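Each chain, letter by letter, is given below.
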Amino acid sequence: SVVMLLHFFWVFGHAEFAILVLPAFAFASEIIPVFSRKAIFGYPVMVAATVSIAFVSFGVWAHHMFTVGMPSYGNAFFVLSSMLVGVPTGIKIFNWLGTMWGGKIIFATPMLFYIGFVFQFVIGGLTGIMLATAPIDWQLNDSYFVVAHFNYILVGAILFTIFAAFYYWYPKVTGRMLAERLGKWHFWPFLIGFQMTFGLLHGLGLLGTTR
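Residues numbered from 1 in each chain as written. Predicted model: local features only at pLDDT ≥ 70, side-chain atom pairs only at ≥ 80, totals over all residues. Heavy atoms only, no water.

1. Describing a nonpolar patch on the surface
To keep things clear, this is the line we draw: Residues enter a patch when their relative accessible area is above 30% and they make no salt bridge; the linking distance is 9 Å between like charges and 5 Å between nonpolar side chains (Val, Leu, Ile, Met, Phe, Trp, Tyr). Under the convention used here, a 1.4 Å probe and the Shrake-Rupley method define accessible areas, while residue burial counts only the protein chains that appear. Salt bridges, as used here, are contacts in which a Lys or Arg side-chain nitrogen is within 4 Å of a carboxyl oxygen on Asp or Glu. Helix and strand assignments follow DSSP, with helices taken as H or I runs no shorter than four residues and strands as E runs no shorter than two, numbered in order from the N terminus. Only protein chains enter the accessibility calculation, which uses a 1.4 Å probe. A residue is then buried if its area is under 20% of the maximum for its type, exposed if over 50%, and partly exposed in between.
Together, Y43, V47, V51 and F55 make up a nonpolar patch on the protein surface, roughly 420 Å² of accessible area in all. Residue placement: F55 occurs in helix α2 (residues 43-56). Given a relative accessible area of 63%, F55 falls into the exposed group.

The following block contains the structure:
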């Protein structure tokens, strides 16, 4: 059964995707307070939100399969479970913004990458909520809109946090500071190039361009 094969693939595929983004959340929660000069806002709630994302993400795999002909109650379940992931994710975003709010922000290279991460993760999350709505997914499935959503999380969130973590921990590990000017030359063209590459794919997907 091709549908059964899809279930097996996405049970693995979506859970793996969630596991990839969890270290990015940890990096953000470690570095944002340092460059905001404030303790993390709402730490117990943030931990609970992280655990909730880890568990709920194992029950949302079939939102990739709204167009394969699942029964209506199956579609309804995966729409609701996918929407549920947005609740703890939104909590984490407000925790990070609450940490930055009123803080003495230092716009060093790691912090710039994290500001870029938060901005792009919000866009990726909102487009994910759109794709988790079955009628919208019927129109956008297998289009460049899905590719844009995927890359706003994989590159715009995960890769940006990896770069931020490297810039933050490399001096601590080696005892050698990195050049801030070169770091900013890395950040700004990367940020602008990313928006030009993947931001435009949303429009192509809405126009019906298939991947």
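2. Digging into the side chain of T89
Going by this rule: Nitrogen and oxygen atoms within 3.5 Å of one another constitute a polar contact, given that in protein one can donate a hydrogen and the other can accept it, and given that sequence-neighbouring residues count only through two side-chain atoms. Residues are treated as being in contact if the distance between any of their heavy atoms lies within 4.5 Å.
By the secondary structure assignment, T89 is in helix α3 (residues 72-100). Its relative accessible area of 15% is what places T89 among the buried residues. Here the side chain of T89 touches V85 through a polar contact of 2.8 Å, landing on its backbone oxygen. Not counting chain neighbours up to four residues away, the residues in contact with T89 comprise I53 and F121.

3. Regarding the side chain of S82
For S82, the position within the fold is in helix α3. A polar contact of 2.7 Å, which involves the side chain of S82, links it to the side chain of H63. Sequence-distant contacts of S82, defined by excluding residues within four places in its chain, comprise V60, H63, I129 and A132.

4. Let's talk about the environment of S52
Topologically, S52 is positioned in helix α2. Note: C-alpha distance between S52 and V87 (35 residues apart in sequence) is 9.3 Å.

5. A look at helix α7 (residues 180-206)
Convention followed: How far a helix is expected to stretch is found by multiplying one less than its residue total by 1.5 Å. What is called the bend at a residue is the angle between a pair of axes, fitted to the seven residues leading up to and ending at it and to the seven starting from it.
Taking 1.5 Å as the rise per residue, α7 with 27 residues should run 39 Å; its terminal C-alpha atoms sit 39 Å apart, in good agreement. Along α7, the sharpest change in direction is near 25° and occurs at M196. When we look at burial in α7, the residues that qualify are G183, F187, L191, F194, F198, L201, H202 and G205. Here the buried face of α7 lies against α4 (109-131), α5 (134-140) and α6 (144-174). Immediately downstream of α7, the backbone of G208 shows phi near 100°, a positive value.

6. Let's talk about the packing of α4 against α6
We count it as follows: The angle between two axes is taken between their N-to-C directions and runs from 0 to 180 degrees, where each axis is a line fitted to C-alpha atoms and a helix contributes only its stretch in contact. Reported orientations rely on four angle classes, namely roughly parallel under 35 degrees, roughly antiparallel over 145, roughly perpendicular from 65 to 115, and oblique for the rest. Handedness of each helix crossing follows the sense of rotation of the near helix against the far helix: counterclockwise by less than a right angle gives left-handed, clockwise gives right-handed. Residues are grouped as follows: Ala, Val, Leu, Ile, Met, Phe, Trp, Tyr, Cys and Pro are nonpolar; Asp, Glu, Lys and Arg are charged; every other residue, Gly included, is polar.
Interhelical geometry of α4 versus α6 gives an angle of 160° and a closest axis separation of 8 Å. What the angle tells us is that α4 and α6 run roughly antiparallel. Of the two elements, α4 crosses α6, and the hand of that crossing is left-handed. The residue inventory of the contact of α4 with α6, partitioned by class, reads 19 nonpolar, 10 polar and no charged.

7. Things to note about the environment of Q139
As for its placement among the helices and strands, Q139 is situated in helix α5. When its relative accessible area of 64% is taken as the criterion, Q139 is described as exposed. C-alpha of Q139 to C-alpha of G208: the two residues are 69 residues apart in sequence and 8.0 Å apart in space.

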